[in-house]
Amino acid sequence: MASNFQLSETISPRNQKSRPREEKEEVDYMQRAQWLRAALLGANDGLVTVASLMMGVGSIKEDVKAMLLVGFAGLVAGACSMAIGEFVSVCTQRDIETAQMKRAIENKTSLSAIDEQEEEEKKERLPNPGQAAIASALAFSVGAAMPLLAAVFIENHKVRMAVVAVVATIALVVFGVTGAVLGKTSVVKSSVRVVIGGWMAMALTFGLTKFIGSAAMQI
């Protein structure tokens, strides 16, 4: 009777329901952070750079073609710059981590099966330069395209400037929330940080663009 009771307990529905939860694999947020950082960095840079350039040029010259041309040039140049910069940066990081792993292995006289498994896991977690470069360039293009698309269909200059500013703010909030959700961090803290940082960068770029442009027109 005791053996029958133990058998029925092991195959009970309650135990069967708990097994899938135990077998679920945990998400490696350290691995996710590599491409998430590159993607959010690129998207924020694209949005802030193009939006601030468009508003700066728009404050000097009320010409939608000039705004769009400057914005598109910023998109192409920024995406290429982000891809190359991210690739070089992550390659350097990967080389440093690989060299550190080799030194750690050389210091050990023999590796056990557990040590070899840990080393393989570390190699799998090494940053991928190509993935980071592609994610950064695509994200920059997406972020830069938002103010361009917002301004292209609006003829009134003042309305166009206001729409670009509003779209940039909404996009910054979306980027902050997306990063927090994917990284399992505080949504409020992430959103506030992204919005304030983005607006500080846009204000500085807008001010310098307007100042330099106004001075150049007086020459």
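Every chain begins its residue count from 1, and numbering advances along the sequence as written. Local features are withheld for residues below a pLDDT of 70 in this predicted model, meaning they are given only at 70 or higher, and side-chain atom pairs are given and counted only at 80 or more; totals for whole chains, interfaces and linings count all residues. Side-chain figures throughout are based on the complete set of non-hydrogen atoms in the structure, without hydrogens or water.

Per an unreviewed UniProt entry, the protein chain goes by Vacuolar iron transporter and derives from Camelina sativa. UniProt positions are given in the numbering used here, feature names are shortened, and annotations may be inferred rather than shown by experiment. Per UniProt, the protein chain has the following entry under Subcellular location (unreviewed entry): "Vacuole membrane". UniProt annotates the protein chain under Sequence similarities (unreviewed entry) with the comment "Belongs to the CCC1 family."

**Comments concerning the overall build of the protein chain**
The secondary structure listing takes helices from DSSP runs of H or I that are at least 4 residues long and strands from runs of E that are at least 2 residues long, numbered from the N terminus. Along the backbone of the protein chain there are eight helices and zero strands. Starting at the N terminus and ending at the C terminus, the protein chain contains elements arranged as α-α-α-α-α-α-α-α. For the exposure calls, accessible area comes from a 1.4 Å probe over protein chains only, and a residue counts as buried if that area is under 20% of its type's maximum, exposed if over 50%, partly exposed in between. Residues counted as buried form 32% of the 219 residues belonging to the protein chain. A separation of at least 24 residues holds for 79% of the contacts in the protein chain among residues at least 6 apart in sequence. Method for areas: the Shrake-Rupley scheme with a 1.4 Å probe, in which residue coverage is limited to the protein chains shown. Of the roughly 14200 Å² of accessible surface on the protein chain, a fraction of 64% belongs to carbon and sulfur atoms. Residues count as neighbours in contact if any of their non-hydrogen atoms are within 4.5 Å of one another.

**Structural notes on the UniProt feature "transmembrane region" (unreviewed entry) in the protein chain**
Per the UniProt annotation, the sites labelled "transmembrane region" (unreviewed entry) are residues 35–54, 66–84, 132–154, 161–182 and 194–213. Note that residues 66–84 is 100% helix and 0% strand, and that its end C-alpha atoms are spaced 27 Å apart.

**Regarding a nonpolar patch on the surface**
Residues Val188, Val192, Ile196 and Met200 make up a contiguous nonpolar surface patch of roughly 410 Å² in combined accessible area. The residue Met200 is located in helix 8 (residues 187–218) in this model. Residues with no salt bridge and a relative accessible area higher than 30% make up the patches, which join like charges within 9 Å and nonpolar side chains (Val, Leu, Ile, Met, Phe, Trp, Tyr) within 5 Å. Note on definitions: salt bridges are taken to be side-chain nitrogens of Lys or Arg within 4 Å of carboxyl oxygens of Asp or Glu.

**Let's talk about the environment of Val192**
Inspection of the secondary structure puts Val192 in helix 8. You can call Val192 partly exposed: its relative accessible area is 45%. C-alpha of Val192 to C-alpha of Gly176: the two residues are 16 residues apart in sequence and 7.6 Å apart in space.

**What about the packing of helix 6 (residues 129–152) against helix 7 (residues 157–183)?**
All axes are obtained by fitting lines to C-alpha atoms, using only the stretch in contact for helices, and the reported angles, taken between N-to-C directions, cover 0 to 180 degrees. Two numbers describe how helix 6 lies on helix 7: the axes approach to 9 Å, and their chain directions differ by 150°. One way to sum up the angle between helix 6 and helix 7 is to call them roughly antiparallel. Here the hand of the crossing between helix 6 and helix 7 comes out right-handed. Residues Gly143, Met146, Pro147, Ala150 and Ala151 of helix 6 touch helix 7, and the partners they reach there are Arg160, Val163, Val164, Val167, Ala171 and Phe175. For the contact of helix 6 with helix 7, the class distribution of residues is nine nonpolar, one polar and one charged. Roughly parallel refers to an angle under 35 degrees, roughly antiparallel to one over 145, roughly perpendicular to one between 65 and 115, and oblique to any angle outside these ranges. When the near helix sits turned anticlockwise from the far one by under a right angle, the crossing is termed left-handed; a clockwise turn instead gives a right-handed crossing. Only Asp, Glu, Lys and Arg are considered charged in this grouping, and only Ala, Val, Leu, Ile, Met, Phe, Trp, Tyr, Cys and Pro are considered nonpolar; every other residue, Gly among them, is considered polar.

**Looking at the side chain of Glu86**
With respect to the helices, strands and loops of the structure, Glu86 is situated in helix 4 (residues 64–107). When sequence neighbours within four positions are dropped, the list of residues in contact with Glu86 reads Arg37, Ala38, Leu41, Ala132, Ala133 and Ser136.

**Observations regarding the packing of helix 4 against helix 6**
At a closest axis distance of 8 Å, the pairing of helix 4 and helix 6 adopts a crossing angle of 165°. As summarised for this structure, helix 4 and helix 6 are arranged roughly antiparallel, according to the angle between their axes. Here helix 4 and helix 6 pass one another in a crossing that is right-handed. Its residues assigned to classes, the contact of helix 4 with helix 6 comprises 20 nonpolar, six polar and two charged.

**What to know about helix 6**
A helix is expected to span 1.5 Å for every residue after the first. Between the first and last C-alpha of helix 6 there are 34 Å, a value that for 24 residues agrees with the 34 Å anticipated at 1.5 Å per step. Bending of helix 6 peaks at approximately 25° at the position of Ala145, with proline Pro147 no more than four residues after it. You can read the cap of helix 6 off the contacts: a side-chain oxygen lies 3.1 Å from the backbone nitrogen of Gly130, and it is on Asn128. Two axes define the bend at a residue: one fitted to the seven residues ending there, one fitted to the seven starting there, and the bend is the angle between them. Between N or O atoms, a polar contact is any pair within 3.5 Å; within protein, one atom must be a potential hydrogen donor and the other a potential acceptor, and residues adjacent in sequence are included only when both atoms are from side chains.

**Overview of the environment of Gly58**
Among the secondary structure elements, Gly58 is positioned in helix 3 (residues 29–60). Residues Gly58 and Lys210, spaced 152 residues apart in sequence, show a C-alpha to C-alpha distance of 8.8 Å. In contact with Gly58, not counting residues within four places along its chain, are Met67, His157 and Met161.

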